[in-house]
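Letter by letter, the chains look like this.
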Amino acid sequence: MDQVSVFDGHNDTLLNLHLPERGEGRSFFEWSDLGHIDLPRARKGGLGGGFFACYTPNPEDDGWNEESALRVTENGYEAAEVPRLDPEYARGFADELVDGLYRLQEESAGSLRIVRSASELEECLRERVLAAILHFEGAENLGPYPHALENYYEAGLRSLGIVWSRPNAYADGVPFTFPSSPDTGPGLTDVGRELVRECNRLGVLADLSHINEKGFWDVAGLTEAPLVATHSNVHALCHASRNLTDRQLNAIRDSDGIVGVNFAVTFLRGDGESEDTPLETAVRHVDYLVERVGIDRVGFGSDFDGAKVPAKIGDVSGLPNLLTALRAAGYDDAAWGKLAHENWVKVLRATWQE
Ligand SMILES: [Zn+2]
């Protein structure tokens, strides 16, 4: 049987390639043991495309970084509050990552294409061209001006995480904490509401992964689009602040939205971050989501190149191992097709209206 392509809700490959200390100078076009995604490994693993995030890390001189800020507690972990980004710095950094994606498209000689519509995405999946959605993880680079979104839309942006796990002009993200409810702070600001309306007007997906619970409900009450969490898991199974409560899942179901299952071990399990995490742990999250939101509203959102993933997956070339685990758990061809990419295509068509 022809391999069914997997479309994926989140990767941090642009950042990994951009920062020498992360990517160590690897090329996207050559097989590497560094990082999680490059073109040869994507082909081997059957990756058809995904959301390519432009994520801006805090600058070194503000004293915060992901590694040092995470504190192990008696029964989990917590992160110090992440300082806000200077919009000017955020704009400069995000622009470099956008350029990075356009450079990949150019250098790929037709193997990677930035897609702007569901039809373009389907065409890529059919022709085995790696489809890339330009996604911002945090809207700091817009400054406090929601109307700036239109410029980025023109440049190909089709998905926007209103926040990463820090506050900005629009909303508050959840700090990384376990165990914790996602209800960690205030909801959307006035410009935050304006930004959601702007997303609706242009047809930009407003991603709800990383937003706190009040912000989630504010978006849910306002948006005309399906509710989408590109890379989040089930709070009932792993009490991380980044995961979704049953009430949130119900709202996603009722809006005909989608949840992309995150492979990050910290969101799959609460007891540490060992890569020695059986695939069954990920399958349990899939099972729970399918039970609660339905087989038509679950996809993948790997967090490749941005998180530690189970060793049995390892990197994108290990995606077939997940397929094997899901088959063993009773998912048939029809179910796999939906999880692999059909659900993503459907929700993107409804969101983008093209
Ligand atoms: Zn993320």
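About the thresholds
Residues numbered from 1 in each chain as written. Predicted model: local features only at pLDDT ≥ 70, side-chain atom pairs only at ≥ 80, totals over all residues. Heavy atoms only, no water. Donors = N, O, S within 2.8 Å, 3.2 Å for Na, K, Ca; no water. Helix = DSSP H or I, 4+ residues; strand = E, 2+ residues; numbered from the N terminus. Buried < 20%, exposed > 50% of the residue type's maximum accessible area, 1.4 Å probe, protein only. Core = buried A, V, L, I, M, F, W, Y, C linked by side-chain atoms within 4.5 Å. Pairing = 2+ DSSP bridges. Salt bridge = Lys/Arg side-chain N within 4 Å of Asp/Glu carboxyl O. Phe/Tyr/Trp six-rings, centres within 6.5 Å; stacked < 30°, edge-to-face > 60°. Expected span 1.5 Å × (residues − 1). Contact = heavy atoms within 4.5 Å. Arc of directions from axis to C-beta. Axes fitted to C-alpha atoms, helices over the stretch in contact; angles between N-to-C directions. Parallel < 35°, antiparallel > 145°, perpendicular 65-115°, else oblique. Left-handed = near helix turned anticlockwise from the far one by under 90°. Polar contact = N/O pair within 3.5 Å; in protein donor to acceptor, adjacent residues only side chain to side chain.

Caption draft 1: Spatial organisation of the coordination of the zinc ion. Within the protein, the zinc ion binds to Glu137 (OE), His210 (NE2) and His231 (NE2); these donor distances fall in the range 2.1 to 2.2 Å. Read N to C, the donor residues that coordinate the zinc ion are spaced as E-x72-H-x20-H. Separated by 21 residues along the polypeptide, His210 in the loop between β9 (205-207) and α9 (213-222) and His231 in the loop between β10 (228-229) and α10 (246-254) bring together distant segments of the chain. Judged by its relative accessible area of 5%, His210 falls in the buried class. Using a relative accessible area of 1% as the deciding quantity, one classes His231 as buried.

Caption draft 2: Region of interest: the nonpolar core. By size, the foremost hydrophobic cluster in this structure holds 91 residues, and its most contacted members are Leu101, Leu149, Ile162, Ile211, Phe300 and Leu326. The element that contributes the greatest number of residues to this core is helix α12 (residues 279-293), accounting for seven residues. Grouped together as the second largest cluster of nonpolar side chains are 17 residues, Phe7, Leu121, Leu125 and Val347 included.

Caption draft 3: Spotlight on the sheet that holds strand β3 (residues 70-73). Strand order in this open sheet of three strands is β3-β4-β8, and the pairing throughout is antiparallel. At either margin of the open sheet sits one strand with a lone partner, and together these are β3 and β8 (177-178). Where β3 meets strand β4 (residues 76-79), four bridges bridge the pair, whose relative direction is antiparallel. Each bridged residue has a counterpart across the sheet, and for Arg71 the counterpart in β4 is Glu78.

Caption draft 4: Region of the structure containing the pattern of salt bridges. All chains considered together, the criterion is met by 19 salt bridges. Between Arg166 and Glu140 there is a salt bridge; the shortest N-O distance is 3.2 Å. Here the residue Arg166 occupies a position in the loop between β7 (157-161) and β8, and Glu140 occupies one in the loop between β6 (130-137) and α7 (149-154), the gap between them amounting to 26 residues. Assessed through its relative accessible area of 7%, Glu140 is described here as buried. The salt bridge partner of Lys214 is Asp183, with a shortest N-O separation of 3.0 Å. Residue Lys214 is located in helix α9, and its partner Asp183 is located in the loop between β8 and α8 (190-202); the two are separated by 31 residues in the primary sequence. When its relative accessible area of 39% is taken as the criterion, Asp183 is described as partly exposed. Because the salt bridges share partners, they merge into one network encompassing Asp38, Arg41 and Asp315.

Caption draft 5: A look at the packing of aromatic side chains. For the structure on display, the rule yields 15 aromatic pairs. Relative to Trp164, the ring of Trp64 has its centre 6.1 Å away and its plane inclined at 80 degrees; by these criteria the two rings are edge-to-face. Here Trp164 lies in the loop between β7 and β8 and Trp64 lies in the loop between β2 (47-55) and α4 (66-69), a separation of 100 residues in the sequence. With relative accessibility at 7%, the residue Trp64 sits in the buried group. Measuring from ring centre to ring centre gives 5.6 Å for Phe263 and Phe304, while their planes differ by 75 degrees; the resulting arrangement is edge-to-face. Highlighted residues: Phe263 in the loop between β11 (258-261) and α11 (265-268) and Phe304 in the loop between β12 (298-300) and α13 (319-328), separated in sequence by 41 residues. The residues Phe263 and Phe304 share a single accessibility class, namely buried.

Caption draft 6: Region of the structure containing α8. Here α8 is 13 residues long and its end C-alpha atoms lie 19 Å apart, about the 18 Å a rise of 1.5 Å per residue gives. In the core, the buried residues of α8 are packed alongside α7, β7, β9 and α9. Directly beyond the C-terminal end of α8, a positive phi value near 85 degrees is found at Gly203.

Caption draft 7: Helix α5 (residues 87-107), seen in detail. Taking 1.5 Å of rise per residue, the 21 residues of α5 would be expected to cover 30 Å, and the 30 Å separating its terminal C-alpha atoms lies within 8% of that figure. Here α5 has its buried residues at Ala90, Phe93, Ala94, Leu97, Val98, Gly100, Leu101 and Leu104. For α5, the angular spread of buried residues about the axis comes to 145 degrees, placing them on one side. Away from its buried face, by an angle of more than 90 degrees, α5 presents the exposed residues Glu88, Glu106 and Glu107. Looking at the packing, one finds that the buried side of α5 touches α1 (13-18), β2, β5 (112-114) and β6. Backbone geometry just downstream of α5 places Ala109 in the positive-phi region, at approximately 50 degrees.

Caption draft 8: View of the packing of α10 against α12. Their axes nearest at 9 Å, the elements α10 and α12 cross at an angle of 55 degrees. When the axes of α10 and α12 are compared, the pair comes out oblique. Note on packing geometry: the crossing formed by α10 with α12 is right-handed. Residues Asp246, Leu249, Asn250 and Arg253 of α10 touch α12, and the partners they reach there are Tyr288, Leu289, Arg292 and Val293.

Caption draft 9: Quick peek at the side chain of Asn58. Looking at the element boundaries, Asn58 is found in the loop between β2 and α4. Among the polar contacts listed, one links the side chain of Asn58 to the backbone oxygen of Pro83, at a separation of 3.0 Å. Contact partners of Asn58, with chain neighbours within four places excluded, come to Trp64, Val82, Pro83, Arg84, Leu85, Tyr89 and Arg166.

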